[in-house]
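# Fold and geometry: a report
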Amino acid sequence: QVQLVESGGGLVQAGGSLRLSCAASGSIRSISVMAWYRQAPGKQRERELVAGIIGSGSGRTNYADSVKGRFTISRDSTKNTVYLQMNSLKPEDTAVYYCNAHVVTIAQRYDLWGQGTQVTVSS
């Protein structure tokens with residue numbers, strides 16, 4: 001069984017930093033895309049793409065305009081893990097952050113989601 005497990009959320013003051021981690025486990029052959037999404041309070045049907053990375057190694061990255069220059073996504077392909085370093089956090093960054101990965105196993109392809117981790121930024 002393949003799954004994503006996230007960690008690293010919490011409560012931080014505005015201007016602070018947090019680092020999220022997401023590890024994929026199972027009989028994985030490859031992972032083409034790993035990304036972070038977030039869902040803000042009161043927006044139950046809206047999940048916003050925060051950052052994504054395509055390919056292994058340094059990969060090609062893209063970011064939401066609202067986080068450019070503050071957040072950095074990176075990936076350790078040897079550990080099937082993606083990170084999101086979040087600096088200069090703002091109250092509007094408060095949300096549940098979800099990891100997403102496009103995973104290929106011997107049997108099939110998966111579009112996996114993590115369970116979500118809460119990030120709360122106080123003013």
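Residues numbered from 1 in each chain as written. Predicted model: local features only at pLDDT ≥ 70, side-chain atom pairs only at ≥ 80, totals over all residues. Heavy atoms only, no water.

### Focus on the side chain of Arg-70
Quick note on the threshold: Helix numbers and strand numbers start at the N terminus; a helix is a DSSP run of H or I with at least 4 residues, a strand a run of E with at least 2. Relative accessible area decides the class of each residue, using a 1.4 Å probe on protein chains only: under 20% of the type maximum gives buried, over 50% gives exposed, and in between gives partly exposed. As used in this structure description, the phrase polar contact means that two N or O atoms lie within 3.5 Å; if the pair is within protein, one of them must be able to donate a hydrogen and the other to accept it, and residues adjacent in sequence are counted only when both atoms belong to side chains. What makes two residues a contact is simply this: any of their non-hydrogen atoms within 4.5 Å.
Among the secondary structure elements, Arg-70 is positioned in the loop between strand E6 (60-63) and strand E7 (71-76). On the basis of relative accessible area, Arg-70 is assigned to the buried category, the value being 10%. Here Ser-66 takes part through its backbone oxygen, which lies 2.8 Å from a polar atom of the side chain of Arg-70. Excluding residues within four positions of it along the chain, Arg-70 makes contact with Gln-85, Met-86, Asn-87, Ser-88, Leu-89, Lys-90 and Asp-93.

### Notes on the packing of aromatic side chains
Here is the rule we go by: Here is the rule: rings of Phe, Tyr and Trp (six-membered ring for Trp) pair when centre to centre is within 6.5 Å. Planes less than 30 degrees apart are stacked, more than 60 are edge-to-face, and the remainder are tilted. Any Lys NZ or Arg CZ that is within 6 Å of a ring centre and within 35 degrees of that ring's normal is treated as a charge sitting over the ring.
What the rule picks out here adds up to one aromatic pair. Its end group placed over the ring of Tyr-83, Arg-19 keeps NZ or CZ at 4.1 Å from the ring centre.

### Examining the state of the cysteines
Definition in use: Disulfides are defined as pairs of cysteine sulfur atoms found within 2.5 Å of each other.
If you walk through the whole model with that rule in mind, you get one disulfide. In this model, Cys-22 is linked to Cys-99 through a disulfide, with the two sulfur atoms separated by 2.1 Å. Its S-S torsion of approximately -80° makes the covalent link between Cys-22 and Cys-99 left-handed. Here Cys-99 lies in strand E9 (residues 95-105) and Cys-22 lies in strand E3 (residues 18-25), a separation of 77 residues in the sequence. Judged by relative accessible area, Cys-22 falls into the buried class, the value being 0%. Looking at Cys-99, the relative accessible area reads 0%, which means it is buried.

### Quick notes on the environment of Thr-117
The residue Thr-117 is located in strand E11 (residues 117-122) in this model. Along the backbone, Thr-117 and Cys-22 are 95 residues apart, and their C-alpha atoms lie at a distance of 10.0 Å. With residues near it in sequence (within four places) discarded, Thr-117 still touches Glu-6, Gly-9, Leu-20, Ala-95, Val-96 and Tyr-97.

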